[in-house]
Amino acid sequence: MGSERVERRLAAILAADVAGSCRLIGIDEEGTLAQLKALRKTLFDPKIAAHHGRVVKNTGDGALVEFSSVVDAVRCAVEIQRGMAEHNIDVPEVKRIEFRIGIHVGDIIIEDRDIFGDGVNIAVRLEGIAEPGGVCISDDAQRQVRGKVDIAFDDMGSQSLKNIADPMRAWRVRLGNHARAAEPTKPAIKTAQLLALPDKPSIAVLPFQNMSDDPGQEHFADGIVEEIITGLSRMRWLSVTARNSSFVYEGRSVDVKRVGRELGVRYVLEGSVRKAGNRVRITGQLIDSITGAHLWADHFDGGLEDVFGLQDKVTASVVGAIEPTVLEAEIERTKRAPAVSPVDYIVRGFASLRTWSREANAEALQLFRQAQQLDPNLGMAYAAASHCYTWSKSFGWLTDPASETAEGARLARRALELGRSEPIILSMAGFGIAYLEGDLDFGGAAMDRALELNPNTAATLGIGGWISVFRGEPDLAIERVQRAVQLSPVDAFMFAWGSAGAYALFSLGRHEEALSWVEKALRERPGYLPAARMIVASAALAGVPERPETSVARLRLLEPTLRISNLRNQIPYRRPEDLARFADGLRKAGLPE
């Protein structure tokens, strides 16, 4: 009895699939399918035909393609991904279609124009470990294209693929980076000594990967990284790895956890630059190198007409986002570990402070004082302690106002002696001196210096909004507050920034807008006295019918000693007209003289 002959041949197999297709279809099924159909017609099929491939089958959100040459398969994959990158540059991230592509060369079985076998299975599994927008190829495929294509590869090492018996070495195509030949990527540091973490939060900024087909973009990407390193280095509470150390990893495939061990850092910032036409997209992500958790990610688009302007925009946004993100991560970390270093005590103090109670504020002050004892020259410990007194004044927790405000101002001045070049210290201490002592010249100068050193820190901008209110600069106050909100839209101190914005609007006679802003602040933090006063004054001058929260009766429950005559003690206005307007509003609402 005869057996049917099985047809076999050696072929290069390309497997492609849409990353996150279920999510895309769930958002917009018809739109996604229409996009896929259009992309298949205008990009996918023409590229395959140009490189002599055969579409074996389409799978709705993917395809299986056969090539007689692995060189053709790799070139086709690269052109498809570059074409997709160009297509996506102006597409909102939530609607963006990105392919993953896997390539293997091996023996296949042909039956009724379909193909089967390990050659197909391995290509499909390689596609599964490729990054969205990326290409992953087998070691067999990489050996055959080595020296034949002007494309670089990163060695992914041995990979365990689903339903494939033995681990296989795999390679990641470095899209857009030209190389004379595809060579294995060497380990980042051959004999790296693993470093212990320093006693304060630490970060390394890795070289951003150039994902475009323009080698000239390497300089643009390196420039952004250098600017980010410089910006982060201004935050003295943060240990930032020097450029020479982090750039050892340029052009290499890295394991973030290993980078953390080799450089002795907890946090790693990595990113990429992708150019299409005269537009460029820069992406970045912050990773905890100990746990591998992704803490922050974002992308920025812009034109290349003003390269330095675009670099400044990206640097400002990244640096502005990193500081609060790292602080949040450190707060969570210190909840699970005992405090050891001065910075640990400071971070724990901020965690206590942000529960907004008299008892927690007192606990935070003690933690900041412990940090001072461990390191008497740590300016942040004094600035943070001074901040406890400004919050005590803002929430009505002072028991001996004269001595406590004097102590808060003393701590602020000591912080400035120790941290004259640290923006966050300058801003916190400057605010303490302005708010507690009423010295707007000294405190304002410290704030101006903070923003000169780093104009991209949300906390500094938010506090700076208050300084501008005090100095009679309402337009500048609004500008600073809006920038702070843009940089850190869910910040724990949003209620204070919003209140500063309300005071600025009130000074401009925009009473209804001021009321709207301060209502949001009070919903978040009902006991915040500056907001409690402003909601009464703005509602009165806006002519809004009295409600419980806008009544003087409620305000006097929160602040029984408040009178028109002592308003100057509560907010150190420089311009008499600002104080007069505020007094008029509260007087109209019924506050006694």
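About the thresholds
- Residues numbered from 1 in each chain as written.
- Predicted model: local features only at pLDDT ≥ 70, side-chain atom pairs only at ≥ 80, totals over all residues.
- Heavy atoms only, no water.
- Helix = DSSP H or I, 4+ residues; strand = E, 2+ residues; numbered from the N terminus.
- Buried < 20%, exposed > 50% of the residue type's maximum accessible area, 1.4 Å probe, protein only.
- Contact = heavy atoms within 4.5 Å.
- Areas by Shrake-Rupley, 256 points an atom, 1.4 Å probe, with all protein chains shown as cover.
- Core = buried A, V, L, I, M, F, W, Y, C linked by side-chain atoms within 4.5 Å.
- pLDDT = per-residue confidence, 0-100.
- Salt bridge = Lys/Arg side-chain N within 4 Å of Asp/Glu carboxyl O.
- Expected span 1.5 Å × (residues − 1).
- Axes fitted to C-alpha atoms, helices over the stretch in contact; angles between N-to-C directions.
- Left-handed = near helix turned anticlockwise from the far one by under 90°.
- Nonpolar A, V, L, I, M, F, W, Y, C, P; charged D, E, K, R; others polar.
- Phe/Tyr/Trp six-rings, centres within 6.5 Å; stacked < 30°, edge-to-face > 60°.
- Lys NZ or Arg CZ within 6 Å of the ring centre and 35° of its normal.
- 1 Å grid on protein atoms, 1.4 Å probe; cavity = no way out; pocket = protein on both sides within 12 Å on 5 of 7 lines; lining within 4 Å.
- Points joined across faces, edges and corners; volume = space filled by probe spheres on them.
- Polar contact = N/O pair within 3.5 Å; in protein donor to acceptor, adjacent residues only side chain to side chain.
- Patch = residues over 30% accessible without salt bridge, like charges linked within 9 Å, V, L, I, M, F, W, Y side chains within 5 Å.
- Lys, Arg positive; Asp, Glu negative; His and termini not counted.
- Charge placed at Lys NZ, Arg CZ, Asp CG, Glu CD.
- Parallel < 35°, antiparallel > 145°, perpendicular 65-115°, else oblique.
- Pairing = 2+ DSSP bridges.

(A) Fine view of the overall build of the chain. Each helix and strand in the chain was counted, giving 23 helices and 14 strands. When each of the 593 residues of the chain is scored for burial, the buried share is 55%. Contacts in the chain between residues at least 24 apart in sequence constitute 67% of all its contacts with a sequence separation of at least 6. As presented, the chain carries roughly 25800 Å² of accessible surface, and 50% of it is formed by carbon and sulfur atoms.

(B) Summary view of the nonpolar core. If you look at the biggest cluster of nonpolar residues, it comprises 124 residues, and the most contacted ones within it are Leu232, Trp466 and Phe582. Excluding anything up to four places from it in sequence, Leu232 contacts Ile203, Val205, Leu238, Val240, Val319 and Ile322. By size, the runner-up hydrophobic cluster in this structure holds 38 residues, among which are Ala16, Val18, Val74 and Val173.

(C) Here's a closer look at the confidence of the model for the chain. Summarising the model, the chain shows a mean pLDDT of 84, and 91% of its residues fall at 70 or more. Counting contacts from residues 177–193, a segment whose pLDDT is below 50, to residues more than four positions away or on other chains yields 45 contacts.

(D) Fine view of the pattern of salt bridges. Scanning all chains against the criterion turns up 33 salt bridges. Salt-bridge contacts for Asp114 lead to Lys57; the nearest nitrogen and oxygen are separated by 3.7 Å. One end of the pair, Asp114, is in strand E5 (residues 114–116); the other, Lys57, is in strand E2 (residues 54–58), with 57 residues separating them in the sequence. When its relative accessible area of 35% is taken as the criterion, Lys57 is described as partly exposed. Arg510 serves as the salt-bridge partner of Glu513, at 2.8 Å between the closest nitrogen and oxygen. A residue is classified by how much of its surface remains accessible, and Glu513, at 37% relative accessible area, is partly exposed. With relative accessibility at 34%, the residue Arg510 sits in the partly exposed group. Among the charged side chains, a network of salt bridges with common partners joins Asp448, Arg471, Glu473 and Arg480.

(E) A look at the environment of Ala445. Position of Ala445 relative to the elements: it lies in helix H15 (residues 440–453). Distance in space between the C-alpha atoms of Ala445 and Ala383 is 16 Å, their sequence separation being 62 residues. Not counting residues up to four positions away in its chain, the partners in contact with Ala445 are Leu440 and Arg471.

(F) Broad picture of unusual backbone geometry. Positive phi outside glycine occurs at His52, with the angle close to 65°. The backbone of Trp356 shows a phi angle near 55°, a positive value even though the residue is not glycine. Structurally, Trp356 can be placed in the loop between helix H10 (342–353) and helix H11 (358–374).

(G) Just helix H13 (residues 401–418), in detail. Under the 1.5 Å per step criterion, the end-to-end length of H13 is 26 Å for 18 residues, consistent within 8% with the ideal 26 Å. Residues of H13 that are buried include every one of Glu404, Thr405, Glu407, Gly408, Ala409, Leu411, Ala412, Ala415 and Leu416, and no others. Where H13 is buried, its residues touch H11, helix H12 (379–395), helix H14 (423–437) and H15.

(H) View of the packing of helix H2 (residues 29–50) against helix H3 (residues 70–88). Contact geometry for H2 and H3: axes closest at 10 Å, N-to-C directions at 145°. Taken as a pair, H2 and H3 cross one another with a handedness that is right-handed. Counted together, Gln35, Leu39, Leu43, Phe44, Lys47 and Ile48 of H2 and Cys76, Glu79, Ile80, Gly83, Met84 and His87 of H3 form the full contact between these two elements. The class makeup of the residues in the contact of H2 with H3 is 7 nonpolar, 3 polar and 2 charged.

(I) Quick look at the packing of aromatic side chains. Scanning the entire structure with this criterion turns up 22 aromatic pairs. With centroids separated by 5.6 Å and ring planes inclined at 85°, the aromatic side chains of Trp356 and Phe493 adopt a geometry described as edge-to-face. Placement of the pair is Trp356 in the loop between H10 and H11 and Phe493 in the loop between helix H17 (474–487) and helix H18 (494–507), with a sequence separation of 137 residues. Phe493 carries the same exposure label as Trp356, and that label is buried. Measuring from ring centre to ring centre gives 5.8 Å for Trp391 and Phe495, while their planes differ by 40°; the resulting arrangement is tilted. In this pair, Trp391 is assigned in helix H12 and Phe495 in helix H18, connecting sequence segments 104 residues apart. Phe495 matches Trp391 in its accessibility class, with the two residues each being buried. Connected via pairs of aromatic rings, a cluster forms that spans Phe431, Tyr435, Trp466, Phe470, Tyr503, Phe506, Tyr573 and Phe582. When the ring centre of Phe442 is taken as origin, the NZ or CZ atom of Arg413, which lies over that ring, is 4.5 Å away. Lying across the ring of Phe495, Arg525 places its NZ or CZ 5.4 Å from the centre.

(J) Structural detail: empty space enclosed by the protein. Tallied over the entire structure, the rule returns 1 cavity of 30 Å³ or more. Volume-wise, the largest cavity comes out at about 70 Å³. Lining the largest cavity are Ala16, Leu36, Leu39, Arg40, Phe44, Asp61, Gly62, Ala63 and Phe99. Of all the secondary structure elements, the ones that give two or more residues to the lining of the largest cavity are H2 and strand E3 (62–67). At 4 residues, H2 tops the list of elements feeding residues into the lining of the largest cavity. The residue inventory of the lining of the largest cavity, partitioned by class, reads 6 nonpolar, 1 polar and 2 charged.

(K) Local environment of the side chain of Gln570. By secondary structure assignment, the location of Gln570 is in helix H22 (residues 567–570). Side-chain polar atoms of Gln570 contact the side chain of Arg533, separated by 3.3 Å. Not counting residues within four places of it along the chain, the set of residues in contact with Gln570 comprises Lys393, Tyr435, Arg533, Glu559 and Leu562.

(L) Looking closely at a negative patch on the surface. Together, Glu227, Glu305, Asp306 and Asp312 make up a negatively charged patch on the protein surface. Here Asp306 is to be found in the loop between strand E14 (294–303) and helix H9 (307–336). Taking relative accessible area as the criterion, Asp306 reaches 47% and is therefore assigned partly exposed.

(M) Structural view of the packing of helix H16 (residues 458–470) against H18. The N-to-C vectors of H16 and H18 enclose an angle of 30°; their axes lie 9 Å apart at closest approach. Comparing their axes, H18 and H16 come out roughly parallel. Remark: the crossing between H16 and H18 carries left-handed chirality. Between H16, through Ala458, Ala459, Gly462, Ile463, Gly465, Trp466 and Val469, and H18, the contact on the second element is made entirely by Ala496, Trp497, Ser499, Ala500, Tyr503 and Ala504. Along the lines of polarity and charge, the residues of the contact of H16 with H18 split into 10 nonpolar, 3 polar and no charged.

(N) A look at the pairing of strand E13 (residues 279–288). Of all 10 residues in E13, 7 are buried, a share of seventy percent or more. Counting the residues in the hairpin turn of strand E12 (residues 267–276) and E13 gives 2 residues, including Gly277, whose phi is positive at 65°. Sheet topology note: the E13/E14 ladder contains 9 bridges and is antiparallel. From the neighbouring strand, Ile282 faces E14, where its bridge partner is Phe300. In this structure, the hairpin formed by E13 and E14 is closed by a connection of 5 residues, where Gly292 is found at a positive phi of approximately 80°.

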